[in-house]
Amino acid sequence: MASQPDCLFCRLVREGDHVNATEGFVAVEDINPKAPVHLLVLPERHVDTFREVGKFEDDEARRMLEFVADTAEKAGLEDYQVIVNVGRGAGQTVFHLHWHVLGGGSPFE
Ligand code: 5GP
Ligand code: ZN
C-alpha cells in the first residue's frame, strides 16, 4: 500500500498537476482524453486494482466515492460516466487503482 517507486500513478500523486485533491485522494487530467472531460481519480495509497477495494477502511472507501462525485461536479459535469477497468483483460494498463470520470459530450445523444 506504500508508494511504489516505479509506479507511474504514485509519481502523479507525488508530483502531478492535480485538478482536485482531498486527504488521501487526487484527481488529474487523463493524458489521452477519450471525452471532452476525462479525469482520473487516484487514491494516494498504492492499491493495484479495484479487486483490492476491501483494503480501504469503510470511511476511506466512502470518501473515495464522494471525491469521485465532487471531482465531476467541480469539472462542471452533471451527467457523466465513472469507469474502472479491472485487470489487463478489461483494458487496465496502469496497475494503481483509478476511476475514470468521462463527460462533456454524451455518447447517448
Ligand atoms: P487504464 O487503461 O489503466 O484503465 O487507464 C490508464 C489511463 O491512464 C489511460 O486513460 C491513459 O491515457 C492514462 N495515462 C497513461 N499515462 C499517463 C500519464 O503519464 N499521465 C496521465 N495524466 N494519464 C496517463
Ligand atoms: Zn502506485
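Scroll up to find the structure.
J.: Would you mind going over the coordination of the zinc ion (ligand 2) with me for this structure?
T.: Each pair of donors in an ideal octahedron of six around a metal sits at 90 or 180 degrees, and each pair in an ideal tetrahedron of four sits at 109.5 degrees. Donor atoms from the polypeptide that bind the zinc ion (ligand 2) are Cys 7 (SG), Cys 10 (SG), His 46 (ND1) and His 96 (ND1), placed at 2.1 to 2.3 Å. Around the zinc ion (ligand 2) sit 4 donor atoms; with metal-centred angles ranging over 107 to 114°, the donor geometry is tetrahedral. Written as a sequence motif, the donor residues of the zinc ion (ligand 2) are C-x2-C-x35-H-x49-H. Here His 46 lies in the loop between β3 (37-43) and α2 (58-74) and Cys 7 lies in the segment before α1 (8-15), a separation of 39 residues in the sequence. Given the relative accessible area of 8%, His 46 is considered buried.

J.: Quick question: what am I supposed to make of the site of ligand 1 here?
T.: The environment of ligand 1 is formed by 16 residues, the closest being Glu 29, Asp 30, Gly 91, Thr 93 and His 100. Ile 31 has a polar backbone atom sitting 3.3 Å from a nitrogen atom of ligand 1. Separating an oxygen atom of ligand 1 from a backbone N or O atom of Val 94 is a distance of 3.0 Å. Protein burial of ligand 1: of its 520 Å² of free accessible surface, 84% is covered by the chains. Of all the cavities here, the one that holds ligand 1 is the largest pocket. At 3 residues, α1 tops the list of elements feeding residues into the shell around ligand 1. Within the shell around ligand 1, the residues separate by chemical class into 6 nonpolar, 7 polar and 3 charged.

J.: Is there a simple way to explain the packing of aromatic side chains in this structure?
T.: What describes a pair of aromatic rings is the distance from one ring centre to the other and the angle between the planes of the rings. Counted according to the given criterion, the structure contains 2 aromatic pairs. For the pair Phe 50 and Trp 99, a centre-to-centre distance of 5.8 Å together with 85° between the ring planes defines the contact as edge-to-face. Placement of the pair is Phe 50 in the loop between β3 and α2 and Trp 99 in strand β5 (residues 99-103), with a sequence separation of 49 residues.

J.: Please clarify how the nonpolar core should be interpreted in this entry.
T.: Note on soluble globular proteins: their nonpolar side chains tend to be buried together. One finds Val 41, Phe 56, Met 64, Leu 97, Trp 99 and Val 101 to be the most contacted residues of the largest nonpolar core, which totals 15 residues. Mapped onto this core, the elements with two or more residues apiece are β2 (25-29), β3, α2 and β5. A per-element tally of this core places α2 first, with 4 residues. Once residues lying within four places of it in the same chain are set aside, the contact partners of Val 101 are Val 37, His 38, Leu 39, Val 41, Val 68, Ala 72, Leu 77, Tyr 80 and Gln 81.

About the criteria used
- Residues numbered from 1 in each chain as written.
- Chains lettered and ligands numbered in written order.
- Predicted model: local features only at pLDDT ≥ 70, side-chain atom pairs only at ≥ 80, totals over all residues.
- Heavy atoms only, no water.
- Donors = N, O, S within 2.8 Å, 3.2 Å for Na, K, Ca; no water.
- Tetrahedral: all angles 85-135°; square planar, octahedral: opposite > 155°, others 65-115°.
- Helix = DSSP H or I, 4+ residues; strand = E, 2+ residues; numbered from the N terminus.
- Buried < 20%, exposed > 50% of the residue type's maximum accessible area, 1.4 Å probe, protein only.
- Near = heavy atom within 4 Å.
- Polar contact = N/O pair within 3.5 Å; in protein donor to acceptor, adjacent residues only side chain to side chain.
- Areas by Shrake-Rupley, 256 points an atom, 1.4 Å probe, with all protein chains shown as cover.
- 1 Å grid on protein atoms, 1.4 Å probe; cavity = no way out; pocket = protein on both sides within 12 Å on 5 of 7 lines; lining within 4 Å.
- Sits in = over half its atoms within 2 Å of the grid points.
- Nonpolar A, V, L, I, M, F, W, Y, C, P; charged D, E, K, R; others polar.
- Phe/Tyr/Trp six-rings, centres within 6.5 Å; stacked < 30°, edge-to-face > 60°.
- Core = buried A, V, L, I, M, F, W, Y, C linked by side-chain atoms within 4.5 Å.
- Contact = heavy atoms within 4.5 Å.

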